[in-house]
Amino acid sequence: VKFISPATEELSLLRADPLLSEQELDVRPDVAEAVERAVGKRAGKVYWRSRHDHLYALELADLGRGRPSMATVYGHWDRFEPRPPEHEIDADVLAFCVWVAETAESLNPADVLKVAQFAGIKTGWPQGTVLRTPEECFQNLPDFPYAPHYTEVEGLRVAYVESGSGKPILLLHGEPTWGYLYRHMIPPLSQIGRVIAPDLIGFGRSDKPLAANAYSYKSHVRWLRTFVETLDLSNITLVCQDWGGLLGLRLLSQIPERFSRLVAMNTGISGGQSATEAFYRWRRFSQRVPELNVPLLMRNSLTKKKLSDAEAAAYQAPFPSREYQMGARVFPRLVPIRPDHRGAYENRVAIEKLRTLDLPVLLPWGVEDAITLPWRDELRKIFSNSAPPIDLAGAGHFIQEDAGEEVAQHIMKWMKGQA
Amino acid sequence: MPPKPAFLEPLFPWHQHQITVNGRRMAYIDEGDPAGRPILLLSGNPTWGFLYRDFIQPLTQAGYRAIAPDWIGAGYSDHPRVDAALTLAHHVADLVSLIDQLDLNVFVIVWQDWGGPQGVGASLQRIEKLSGLVLMSTWLYTGLLSKFHTSPKPWTTWHAPLIGQYFMKRHKALSQHGPSTITVRGMSEEEALAYHHVFEEADSDHVVLTWPRTIPMGEGDRGWADMKAIENRLPELAETPVLLLWGSQDEVFPIEQHGARMKQLFPHAEGPIVLDRCRHFMQDDQGPEIAAAMVEFFNRRLGAGAK
C-alpha cells in the first residue's frame, strides 16, 4: 500500500462528501499503533491509490487516551457515476487488510488471505459476469492465418497474435475493431521485428465483461500495462490508431522506459477539450443504436478499400449478439470531452509527461477523417521533434484498411533510417 | 424486499423487480413491450412507484415501456440509515447504474419533486441516450426558493435542529402525511396506506429526513455544489424535447415562480400545461389526464419505437 497526497485538482474533484463506500474498521491498539507509525499520523485522513487505481481515504479517529480507536475507509470515485464493480472494491479492501496485517507484528497476512478464502470473498470475476466469444465464430478469416495466443490480466483472458522475431512492434487497435484490422501490416512488419497485436478487453478473442461499469479508461490502461509487463516487452515500437492511441499514449507516459518508438495514426490523447462535430455525431449515434452493425460501420468509414463479405463478417465475428458488445458500446462515451470528465485529468498529466520524452515519432495520417484530423496537430505540438505527418490522400479513419501496406512501407523505411 | 401486502395488490398489481445499484437493492416495475421506448417514471419525497399507478396502462397500451424505480431509501428499495448513501450525487449514481444495467437506449425521463434534480443529473451523465423530458412540480437550480421552503409552518420547523428529528422521525410527520394530507381529489384509506406502509417500520424513513436537508438553501449547504454542477450543464438540454406540466394549486413549487423559471431555462419546452384541482402530487391528483397529455406528446414528438 502506497500512501499518496492527491493533487489539488484531484481533491477538488473529490469535493466534500465521499460517494459511497464507507467501511468502519475496528482497530486494536497494537494494530492502531502500527498503522499510525506507517502513515505517520495519529488522527485525520490519509489517501492511498489502490491496485485498481481508485482513490481510498483512511480516516483515523483519535478517541482519547492518545491512540486512534477507530478507522474508516472511504472509497472515492467519479461523482454521479455508479461505483466500480464489487470485485474491484473487494480486491482493494482485501489488499489493504493484508497490508495492515503486514504492518502489525501480531497479525499474519497469510491468515487474512486464508480467512478471506474461507469466507468466500471473491476478488475475481464472479461466474456469469464475463462473456467469451466461442472460437467457432472466428472461422474463415480472410488473410488472417495467425493462431491466437492467450495470457491473463486480472482474471480476464487477453488474446493476441504474434509473427516474426526481434524487437517488439506492438499494434494497438481501437473502436470497434480487433487485431484483424492489422492483417495487411503484419506480414511486412514481421520482416523487421516481432509483431504483437492484442485484442483489447471487450474486443476480438479477448474476454468481455457484461457490465457497462467494468469498462473505464483507467481499467483499459491498467489491463494493457499488465499485458505489456506480463509479456515483459521492452524496446517497443508502439503502433496505434483510434482508442489504441488514447490508451497507448497514456501507457507510454506511464512506462516510457519500455518504449523506443511511436507510430500514431488517426488518434490522439484528449485532456478534456471539446471534440469535433463528427465525433459528437458518432458518440450520440453509438449510444442510441440498440446494436452496433460493425460491418456497416467499417464499410461506411472506408474511403478507398472495399471490404469483401467475408472481411466484413470478420469484423462482426467477436460479437455474435449485442451482449458481447458492451465494451464497444461504452468506448465512445469514455473519450474525455470535458475538463471534468473521468480520465481528463489523468490525460493532462500524461500529456505533460509525453512532452518531456525524446523518442522518434511518426505520424501517418488518413486525412479523410473528420473525427481525428485536429488531433494530428495536437500530437505534433506534444512531440515537438516528430517528423512532419505523412498525409495519406484518400485514406480515412481506418488507415490500416485504406492504406495498410503503404503505411507499413513508411514505417519500415523510417525504422531502417534510424538503424 | 418485503412482500407486497394484500391490500396493495388490486391497486398496484405489477411485479416489483429488483436490481443492485451501488451495493443496495433498488425496486422497480418494468411493464410493456421490452422493445418499446423506455419511459422512466421518477417519484420524489416521500413517495414511490405507486405515484405512477395511473400511468402504466396508458403508456404500455400506446407501445411504450414503463419503468418506475423506487429511490434508494424509499418505497420497496433498501432503506439504509446512512446519510452518505442518500445524497444527491448518490441518488444520481443509483439511477445511472439502473440505466446502464437495464441497457436503456433513447429513454425519456418523467419526474416530479426530487425526481427532478436526480433525474436530470442522471440524464446529463447519459445524455447521448436521452430522448425527452417531462417535468412536473420540481426545481433544478440554486437561488430560487419557494415560500413553502422558507416558512416556519410547517417546513422550517419540521426541519429545525432536534425539533425536526422529533417530528420527522418520532412522529413520521412527512412519511405518514404526504400525498394523503394534501390530496385534492380525496384518497381512499388503502391508497393512503400504500404511501405510508413503506415507512411503517421504526427508523425506516431516513430518506424523508435527508432529502429536505439536501435542498441547498445557501452556498456551502449539503448538495449545493452538486446542484450547481447540474445547473451549469442544463444548456446541454437545449435540443431535447421537453414537456412542462404544472398544477394550478401547487404550493410547494408554485407555477408563477418555478413553472416560469423552467420556461426560462427551457424556452423550447412545450407548456406548461396547467392542470386544475392539482397540488404538488400531480400524478395522484390528475393521473389519467396527465398520462393522456404525455402519451400525446410522446407520440407526436418521439414515437413508441426504441430505434
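This text goes with the structure placed above it.
These remarks concern the structure in this document. (Residues numbered from 1 in each chain as written. Chains lettered and ligands numbered in written order. Predicted model: local features only at pLDDT ≥ 70, side-chain atom pairs only at ≥ 80, totals over all residues. Heavy atoms only, no water.)

**Some thoughts on a nonpolar patch on the surface**
Residues Leu-162, Ile-163, Tyr-166 and Phe-167 of chain B make up a contiguous nonpolar surface patch of about 420 Å² in total accessible area. Relative to the elements of secondary structure, Leu-162 of chain B occurs in the loop between helix H5 (152–158) and helix H6 (163–170). (Patch = residues over 30% accessible without salt bridge, like charges linked within 9 Å, V, L, I, M, F, W, Y side chains within 5 Å. Areas by Shrake-Rupley, 256 points an atom, 1.4 Å probe, with all protein chains shown as cover. Salt bridge = Lys/Arg side-chain N within 4 Å of Asp/Glu carboxyl O. Helix = DSSP H or I, 4+ residues; strand = E, 2+ residues; numbered from the N terminus.)

**Remarks on the interface of chain A and chain B**
On the side of chain B, 30 residues touch chain A, which itself brings 23 residues to the contact. Counting the surface lost from both chain A and chain B, the interface buries some 2400 Å², and carbon and sulfur atoms represent 49% of this. Between the two partners, chain A and chain B, sit 6 salt bridges. Between Asp-226 of chain B and Arg-79 of chain A there is a salt bridge whose closest N-O contact spans 2.6 Å. Across the chain A-chain B interface, the total number found is 14 residue pairs in polar contact (both at pLDDT 80 or more). Among the elements of the structure, helix H8 (277–288) and helix H11 (326–334) of chain A are those that each provide at least two residues to the side of chain A that touches chain B. Classifying every residue of the side of chain A that touches chain B by side-chain character gives 8 nonpolar, 1 polar and 14 charged. (Contact = heavy atoms within 4.5 Å. Buried area = accessible area lost by both parts, 1.4 Å probe. Polar contact = N/O pair within 3.5 Å; in protein donor to acceptor, adjacent residues only side chain to side chain. Nonpolar A, V, L, I, M, F, W, Y, C, P; charged D, E, K, R; others polar.)

**A word on unusual backbone geometry**
Between Glu-175 of chain A and the following residue, Pro-176 of chain A, the backbone shows a cis peptide bond with an omega angle of -20°. With respect to the helices, strands and loops of the structure, Pro-176 of chain A is situated in the loop between strand S9 (168–172) and helix H5 (186–189). A cis amide bond, omega -5°, links Asn-45 of chain B with the succeeding residue Pro-46 of chain B. If you trace the backbone, Pro-46 of chain B turns up in the loop between strand S3 (38–42) and helix H1 (56–61). Not every positive phi belongs to a glycine, and Asn-235 of chain A is a case in point at roughly 60°. Mapped onto the elements of the fold, Asn-235 of chain A is located in the loop between helix H6 (217–230) and strand S12 (236–241). Here Asn-235 of chain A falls in the partly exposed class, since its relative accessible area comes to 36%. The backbone phi angle of Asn-266 of chain A is positive, close to 45°, even though this residue is not glycine. Along the polypeptide, Asn-266 of chain A turns up in the loop between strand S13 (259–265) and H8. (Buried < 20%, exposed > 50% of the residue type's maximum accessible area, 1.4 Å probe, protein only.)

**Some remarks on empty space enclosed by the protein**
Tallied over the entire structure, the rule returns 2 cavities of 30 Å³ or more. The computed volume of the largest cavity comes to approximately 70 Å³. The wall of the largest cavity is formed by Ala-212, Gln-287, Met-326, Arg-329, Val-330 and Arg-333 of chain A together with Ile-99, Asp-100, Asp-103, Leu-104 and Lys-129 of chain B. In terms of residue count, the dominant contributor to the lining of the largest cavity is H11 of chain A (4 residues). (1 Å grid on protein atoms, 1.4 Å probe; cavity = no way out; pocket = protein on both sides within 12 Å on 5 of 7 lines; lining within 4 Å. Points joined across faces, edges and corners; volume = space filled by probe spheres on them.)

**Notes on the packing of helix H3 (residues 115–125) of chain B against helix H10 (residues 224–233) of chain B**
All names here are of chain B. Interhelical geometry of H3 versus H10 gives an angle of 55° and a closest axis separation of 10 Å. One finds that H3 runs oblique with respect to H10. Note on packing geometry: the crossing formed by H3 with H10 is left-handed. On H10, the residues touching Pro-117, Val-120, Gly-121, Leu-124 and Gln-125 of H3 are Met-227, Ile-230 and Arg-233. Its residues assigned to classes, the contact of H3 with H10 comprises 5 nonpolar, 2 polar and 1 charged. (Axes fitted to C-alpha atoms, helices over the stretch in contact; angles between N-to-C directions. Parallel < 35°, antiparallel > 145°, perpendicular 65-115°, else oblique. Left-handed = near helix turned anticlockwise from the far one by under 90°.)

**Remarks on the layout of surface pockets**
Each pocket or cavity is described by its volume, and for the second largest pocket that value is around 650 Å³. Those elements that place two or more of their residues in the lining of the second largest pocket are helix H3 (86–103) and H11 of chain A together with strand S1 (17–21) and helix H2 (88–101) of chain B. Of the residues assigned to the lining of the second largest pocket, the class counts are 10 nonpolar, 9 polar and 8 charged.

**Here we look at the sheet that holds strand S6 (residues 130–136) of chain B**
All names here are of chain B. What the 8 strands build is an open sheet, ordered S1-S2-S4-S3-S5-S6-S7-S8; its pairing is mixed. Of all strands in the sheet, those with a lone pairing partner are S1 and strand S8 (270–275), marking the two edges. Taking each pair of neighbouring strands and ignoring which way they run, the sheet shows an average axis angle of 25°. In the sheet, S3 pairs with strand S5 (residues 107–112) via 4 bridges, with the strands oriented parallel. (Pairing = 2+ DSSP bridges.)

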